[in-house]
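# Structure assessment
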Amino acid sequence: MPRIILPIALILCLIACNNSIKTTQTQQFEFEYPVDSITIDKVQIYSDTLQYLADSDDDNHLYGLFLNKDMDTLQIILGEALSLSEDDENKMFFAKWRDENKETEYNNLYMIQYQQIDTKLFRTCREYSLDEGYTTVYECIYPDKNLQQVYDLVKSTDNQLLRRLPAENIEYGDDLNVRVSYQYHTKKHLVIELNYPGGITIVEIIERKNNTMSNITFSAD
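Residues numbered from 1 in each chain as written. Predicted model: local features only at pLDDT ≥ 70, side-chain atom pairs only at ≥ 80, totals over all residues. Heavy atoms only, no water.

## Observations concerning unusual backbone geometry
Operational definition: Helix and strand labels come from DSSP, where a helix needs a run of H or I of at least four residues and a strand needs a run of E of at least two; each type is numbered from the N terminus. The buried label goes to any residue with under 20% of its type's maximum accessible area, the exposed label to any with over 50%, and the partly exposed label to all in between, with areas taken from a 1.4 Å probe on protein chains only.
Backbone geometry at Asp131 places phi at a positive 55°, although glycine is not the residue there. For Asp131, the position within the fold is in the loop between strand S7 (124–130) and strand S8 (135–143). Using a relative accessible area of 52% as the deciding quantity, one classes Asp131 as exposed. Positive phi is not limited to glycine here, since Asp144 has a value of about 60°. Position of Asp144 among the secondary structure elements: in the loop between S8 and helix H2 (147–154). Exposure remark for Asp144: the relative accessible area of 52% places this residue in the exposed category.

## Observations concerning the nonpolar core
The line we're drawing: For this analysis, a nonpolar core means a set of buried residues of the types Ala, Val, Leu, Ile, Met, Phe, Trp, Tyr and Cys, connected via side-chain atoms within 4.5 Å. Here a residue-residue contact requires only that any non-hydrogen atoms of the pair lie within 4.5 Å.
If you look at the biggest cluster of nonpolar residues, it comprises 24 residues, and the most contacted ones within it are Tyr182 and Ile192. Elements with a contribution of two residues or more to this core: S8, H2, strand S10 (179–186), strand S11 (189–196) and strand S12 (199–207). Broken down by element, the residue count for this core peaks at four residues, all from H2. Each residue touching Tyr182, except ones within four places of it in the same chain, is listed here: Tyr151, Leu161, Leu162, Leu165, Pro166, Asn169, Ile170, Tyr172, Leu190, Val191 and Ile192. Counting 13 residues, the second-largest nonpolar core is a separate cluster that includes Leu82, Leu84, Trp97 and Met111.

## Details of the environment of Leu74
The residue Leu74 is located in strand S4 (residues 73–77) in this model. Residues Leu74 and Leu109 lie 35 residues apart in sequence; the distance between their C-alpha atoms is 8.5 Å. Not counting chain neighbours up to four residues away, the residues in contact with Leu74 comprise Leu50, Gly64, Leu65, Phe66 and Trp97.

## Description of the sheet that holds strand S9 (residues 170–173)
We apply this condition: Should DSSP find at least two bridges between two strands, the strands are regarded as paired. Note on geometry: axes are C-alpha line fits, over the in-contact stretch for helices, and angles between N-to-C directions span 0 to 180 degrees.
Strand order in the open sheet made by the seven strands is S7-S8-S13-S12-S11-S10-S9, with antiparallel pairing throughout. Bordering the open sheet on either side are S7 and S9, each of which pairs with just one other strand. Across this sheet, the average inter-strand angle for adjacent strands is 10°, counted without regard to direction. As paired elements, S10 and S11 share seven bridges and run antiparallel to each other.

## Structural notes on the packing of aromatic side chains
Counted only if it meets this: Here is the rule: rings of Phe, Tyr and Trp (six-membered ring for Trp) pair when centre to centre is within 6.5 Å. Planes less than 30 degrees apart are stacked, more than 60 are edge-to-face, and the remainder are tilted.
Evaluated as defined, the whole model comprises five aromatic pairs. The interplanar angle of 15° and the centroid separation of 5.9 Å between the aromatic rings of Tyr46 and Trp97 together place this pair among those described as stacked. On the criterion of sequence distance, the pair formed by Tyr46 in strand S2 (residues 43–57) and Trp97 in strand S5 (residues 92–99) is long-range, its members being 51 residues apart. The exposure class of Tyr46 is partly exposed, given its relative accessible area of 26%. Three or more aromatic residues joined by ring pairs form one cluster here, namely Tyr151, Tyr172 and Tyr182.

## Describing the environment of Arg179
Turning to its location among the elements, Arg179 is positioned in strand S10. Taking the C-alpha atoms as reference points, Arg179 and Ile200, separated by 21 residues in sequence, lie 9.6 Å from one another. For Arg179, the contacting residues outside a window of four places in its chain are Glu171, Tyr172, Gly173, Glu193, Leu194 and Asn195.

Read these as spatial facts, not as claims about activity.
Printed below as a string of structure tokens:
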């Protein structure tokens, strides 16, 4: 009888130990070699190249506002050990963060680590005022983007803009006395005017050789 029990116990032990080792090695591999998205213990882990825009805080957390290559903005909790300064604004980082996937209205993205890298900015923007503050201009340069791609990004700035970029000049209005016109100066130069009762917004998009520029001008009457 002992000859049978000992081998079975030994086999069970080896199986258990082998499974434990495999599980540990898998988790270490996933952390040491980041991928776009993985799940560990029901926590989603992300990694990507991000452009740092600005920071903010509340009573509980310090946040960093980042931009990804799809031009989506991410608000990620940094923590004091991972804080960034104004000197880091518009710099590029390879970052890894986690999402706890809780069903809550609060932000659940937490930075794990980041490292500054030398690569192209996703966009470069500046804001300035004219006419003693009555006019505000928001100008952005998008490297390696065309007119269609930039329109897809800026159309979210006003719900009066069409979801699909029209192929030719067009004008329309609504019951709120808002008039919108799309005017192509060339195939690569589009000007959109949105006339409101209290002012005008002009969206200008110019596609150039290596980048595309957008100017959004807000003017009060």
